[in-house]
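# Inside the fold
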Amino acid sequence: MKDWPISARVAILAALLVAGCSAPPQRWGEWIDPALGPNSGVLRDGKVLVACDTFDLSSRAQCQDNLQRALLARGVNAVSAPMETTAMNPREWEAQLAATANAAGARAVFILGLTPATTSMGSGVTVGLGGFSFGGSGGAGIGLSAPIGGWGTTGFSATGRITEVRSGRMIWTSTFAASPSSDFGAQFRDLTRTVLDAAQAAGLL
């Protein structure tokens, strides 16, 4: 996604706005380590530490609970990262997660990042490129332009990424974007399910 021309990204975001709330999340891109091969099942054996990168702590807690339950329902031995593993610097945060995963005996870390991507205020549309990450902390960020008067309906993008604990390398990532909606809970559940469906289709679970 980062390598796509800005015009292409804006066109996708605009299409999502026009499509409306009933449209399912749309894939922006996917990458998998070629060394894994088909049906690797890397999430099926051993523990998997799950964490969410969101815009505030309350949404992070809900996201991690949803992600853990969804993975458990698919037969994955998922454990949730402690809420105190937070840092403004994403590299520091992922180093903390790696240490936590080692201590828990986890084989992999599954991170789900939720980023505001588009927002509609009724009288007009503001398009953002979702170019920021919070590492579990709250606040506003670069990439989202929210007009004065509230958020209105916002469409989020969700990026799932899996890191192998032993080697420290990322082995899979996929990003989806949802149409703007004021029901953030339903939007997050749809995005979580869609990302996990992609992981399953890639043979990871």
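Procedures and definitions
- Residues numbered from 1 in each chain as written.
- Predicted model: local features only at pLDDT ≥ 70, side-chain atom pairs only at ≥ 80, totals over all residues.
- Heavy atoms only, no water.
- Helix = DSSP H or I, 4+ residues; strand = E, 2+ residues; numbered from the N terminus.
- Expected span 1.5 Å × (residues − 1).
- Buried < 20%, exposed > 50% of the residue type's maximum accessible area, 1.4 Å probe, protein only.
- Arc of directions from axis to C-beta.
- Pairing = 2+ DSSP bridges.
- pLDDT = per-residue confidence, 0-100.
- Contact = heavy atoms within 4.5 Å.
- Core = buried A, V, L, I, M, F, W, Y, C linked by side-chain atoms within 4.5 Å.

### Focus: helix 2 (residues 57-73)
Between the first and last C-alpha of helix 2 there are 24 Å, a value that for 17 residues agrees with the 24 Å anticipated at 1.5 Å per step. Along helix 2, the residues that are buried comprise Ser59, Arg60, Cys63, Gln64, Leu67 and Leu71. Mapping the buried residues of helix 2 onto a view down its axis gives an arc of 130°, with all of them on the same face. What points out from helix 2, more than 90 degrees from its buried face, is the exposed set Gln62, Arg69 and Ala73.

### Description of the pairing of strand 6 (residues 153-164)
Extensive coverage of strand 6 is indicated by the burial of 10 of its 12 residues. In sequence, strand 6 turns back onto strand 7 (residues 170-177) through a hairpin of 5 residues, with Gly168 there showing a positive phi of about 75°.

### A few points about the confidence of the model for the protein chain
Residue-level pLDDT values for the protein chain average 78, and 70% of them are 70 or greater. Within the model, pLDDT remains below 50 along residues 129-151, and this stretch shows 55 contacts once partners closer than five positions in the same chain are excluded.

### Quick look at the nonpolar core
Grouped together as the largest cluster of nonpolar side chains are 32 residues, with contacts concentrated most on Leu43, Leu67, Leu71, Phe110, Ile162, Trp172 and Leu204. Of all the elements in the fold, those that place two or more residues in this core are strand 2 (47-53), helix 2, strand 4 (106-120), strand 6, strand 7 and helix 4 (184-201). With 6 residues, helix 4 is the single largest residue contributor to this core.

### Topic: helix 4
Spanning 18 residues, helix 4 covers 25 Å between terminal C-alpha atoms, matching the ideal 26 Å at 1.5 Å per step. Among the residues of helix 4, those classed as buried are Gln187, Phe188, Leu191, Thr192, Thr194, Val195, Leu196, Ala198 and Ala199. Backbone geometry just downstream of helix 4 places Gly203 in the positive-phi region, at approximately 80°.

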